[in-house]
Amino acid sequence: MTLQKNSGAVRRFTWLMKFAIWLQNLPNKLTPPPFRLIQIGSAFWQSRALYVAVRLDIAAILGDGALAVDAIAARIPAQADAIYRLLRMLAAMGVFEEVSPRIFKNNALSAHLRESHPQNVRAMILMHNSPEMGQPWYQQLEQGVRSGEVPFQLSHGSGLYAYMDNHAGFDALFARAMDNVAALTGDSFATDFDWGRFNRIIDVGGSKGGKALALLKRHPHLSALVFDREQVTQTAAGHWAGKEPPDLLSRLSFQAGDMLESVPAAKDDKDIYLLSAILHGMGDADCVKVLRNLNVASAGTGARIALMEMVVAGSKADFASAAFDMQMFMATQGRERTLAEWQALFGQSGWVLEEEVRLQSFGKILVLKVSRYL
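Residues numbered from 1 in each chain as written. Predicted model: local features only at pLDDT ≥ 70, side-chain atom pairs only at ≥ 80, totals over all residues. Heavy atoms only, no water.

## Description of the overall build of the protein
When helices and strands are counted, the protein shows 19 helices and 12 strands. Here the C-alpha radius of gyration of the protein, 22 Å, is about what a compact globule of 374 residues would show, namely 21 Å. Expressed as lengths along the three principal axes of its C-alpha atoms, the size of the protein is roughly 70 × 50 × 45 Å. In the protein, which comprises 374 residues, the share counted as buried stands at 44%. (Helix = DSSP H or I, 4+ residues; strand = E, 2+ residues; numbered from the N terminus. Rg over C-alpha atoms; globule rule 2.2 N^0.38 Å. Buried < 20%, exposed > 50% of the residue type's maximum accessible area, 1.4 Å probe, protein only.)

Have a look at this one:
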């Protein structure tokens with residue numbers, strides 16, 4: 001029996017995404033090639049202007065009203081004419097609106113830069129444009145392409161996750177950015193997959209447990225165990241205290257550990273492991289280690305894995321998946337994988353793909369069952 005739910009809504013979402021990709025490619029067809037290449041080559045102007053506006057928190061300063069650039073500059077503080085030129089460029093891009101000469105207000109885009117907005121992307125913009133993430137793109141990408149080395153490692157002398165372990169400020173920013181992603185991608189992972197068939201979710205790499213809680217709210221019979229680094233789990237339970245009902249939190253527990261060493265054991269076939277956007281940040285060898293650890297931990301139980309990841313087309317990939325893959329190349333040993341690449345990893349670790357559950361999101365849930373115990 002399939003674990004897919006909301007098939008009609010998923011089909012509509014897929015069609016809309018295909019239409020969006022078609023629209024995204026229109027500039028390549030309508031703009032003369034030399035000018036289009038110049039646009040692409042100078043696109044960083046836009047991202048840096050947006051980054052500075054977020055750093056200055058201009059969207060919060062504007063709030064629900066309109067302000068003259070002199071007033072905006074006084075509140076930052078900053079030089080008024082420079083603020084005007086920055087906002088004029090962003091307004092020309094569709095971020096902010098110039099309602100009359102030198103007077104600006106928020107619009108539908110810039111509203112998402114306000115911390116108070118439930119779908120704000122402030123931390124994501126700050127993270128992607130931070131020195132930690134920006135330097136590898138600007139300084140080491142060519143060397144990474146030539147040598148196959150990870151540009152982040154070349155820039156900072158350590159891998160992304162080790163760097164976060166030793167830089168609390170960036171670790172916190174990265175976590176907030178991932179919270180932005182969770183808010184944007186919505187709850188299709190919870191509604192388009194039949195979690196009601198299980199009794200316990202073991203959320204491997206589940207951070208503070210946001211996804212686990214979303215599932216517990218919809219399924220009163222479920223419990224969840226979130227497994228992550230000690231730096232995460234030691235404060236995770238306290239994060240929810242007072243924010244969620246005690247009876248809900250009583251069904252959520254945390255365990256610290258290293259998934260490359262071992263993972264919590266499954267009890268029976270009513271347990272399911274959830275790995276959400278975890279393996280795309282790992283090289284093939286580490287993916288196999290984790291999947292083999294899951295195989296050992298589930299031995300004899302029939303427990304399954306719900307692997308929520310992007311699946312890249314075997315050829316002519318869309319821009320979003322290709323861009324996410326380059327971000328993985330820049331920062332980690334990982335990659336966004338094709339279905340064939342995923343299946344090769346499953347075969348090496350004793351798992352087989354049972355079902356591919358589509359979501360109203362960029363990712364899919366790949367349902368794995370054991371083909372052989374190790």
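## Thoughts on the packing of aromatic side chains
Evaluated as defined, the whole model comprises 11 aromatic pairs. Here the aromatic rings of phenylalanine 152 and tyrosine 163 are separated by 5.5 Å at their centres, their planes lie at 85 degrees, and the arrangement is edge-to-face. Of this pair, phenylalanine 152 sits in helix 10 (residues 151–156) while tyrosine 163 sits in helix 11 (residues 160–166); the two residues are 11 residues apart in sequence, bridging distant segments of the chain. Residue class for tyrosine 163 comes out buried when judged on its relative accessible area of 10%. Pairing phenylalanine 170 with phenylalanine 174 gives two aromatic rings, centres 6.4 Å apart and planes at 55 degrees, and the pair type is tilted. You can see phenylalanine 170 and its partner phenylalanine 174 sitting in helix 12 (residues 168–185), four residues apart, about one turn around the helix. One exposure class covers both phenylalanine 170 and phenylalanine 174, and it is buried. (Phe/Tyr/Trp six-rings, centres within 6.5 Å; stacked < 30°, edge-to-face > 60°.)

## Some details on the nonpolar core
If you look at the biggest cluster of nonpolar residues, it comprises 41 residues, and the most contacted ones within it are Ile58, Phe96 and Leu113. Those elements that place two or more of their residues in this core are helix 4 (43–55), helix 5 (58–62), helix 6 (69–75), helix 7 (80–92), helix 8 (122–128), helix 11, helix 12 and helix 18 (319–331). Tallying contributions element by element places helix 7 first for this core, with six residues. With near-sequence residues (within four places) excluded, phenylalanine 96 lies in contact with Ala53, Ile58, Ala59, Leu62, Leu87, Leu90, Ala91, Lys105, Asn106, Asn107, Ser110 and Leu113. (Core = buried A, V, L, I, M, F, W, Y, C linked by side-chain atoms within 4.5 Å. Contact = heavy atoms within 4.5 Å.)

## With respect to the sheet that holds strand 8 (residues 304–309)
Taking strand neighbours across the sheet as the criterion, the seven strands line up as 6-5-4-7-8-12-11 in an open arrangement whose pairing is mixed. The outermost strands of the open sheet, each flanked by one partner alone, are strand 6 (252–256) and strand 11 (351–358). Averaged over neighbouring strand pairs, the angle between their axes works out to 25 degrees when direction is ignored. Judged from the five bridges that link them, strand 7 (residues 271–276) and strand 8 form a sheet pairing that is parallel. In the sheet register, tyrosine 273 faces strand 8, and the bridge partner there is isoleucine 305. (Pairing = 2+ DSSP bridges. Axes fitted to C-alpha atoms, helices over the stretch in contact; angles between N-to-C directions.)

## Describing the pairing of strand 8
Most of strand 8 is tucked away: five of the six residues are buried. Handedness of the strand 7-helix 17 (residues 284–297)-strand 8 crossover: right-handed. In the sheet, strand 8 pairs with strand 12 (residues 364–370) via five bridges, with the strands oriented antiparallel. By the bridge assignment, isoleucine 305 is partnered in strand 12 with leucine 368. (Right-handed = clockwise from strand over helix to strand, strands pointing away.)

## Description of the layout of surface pockets
The volume enclosed by the second largest pocket comes to roughly 630 Å³. As for the second largest pocket, its lining consists of 21 residues, of which Met17, Ile21, Asp318, Ser361 and Phe362 are closest to the centre. At the level of elements, helix 1 (7–24), strand 9 (311–312) and helix 18 are the ones that each hand at least two residues to the lining of the second largest pocket. For the lining of the second largest pocket, the leading source of residues is helix 1, giving seven residues. Looking at the lining of the second largest pocket residue by residue, the class counts come to 12 nonpolar, five polar and four charged. (1 Å grid on protein atoms, 1.4 Å probe; cavity = no way out; pocket = protein on both sides within 12 Å on 5 of 7 lines; lining within 4 Å. Points joined across faces, edges and corners; volume = space filled by probe spheres on them. Nonpolar A, V, L, I, M, F, W, Y, C, P; charged D, E, K, R; others polar.)

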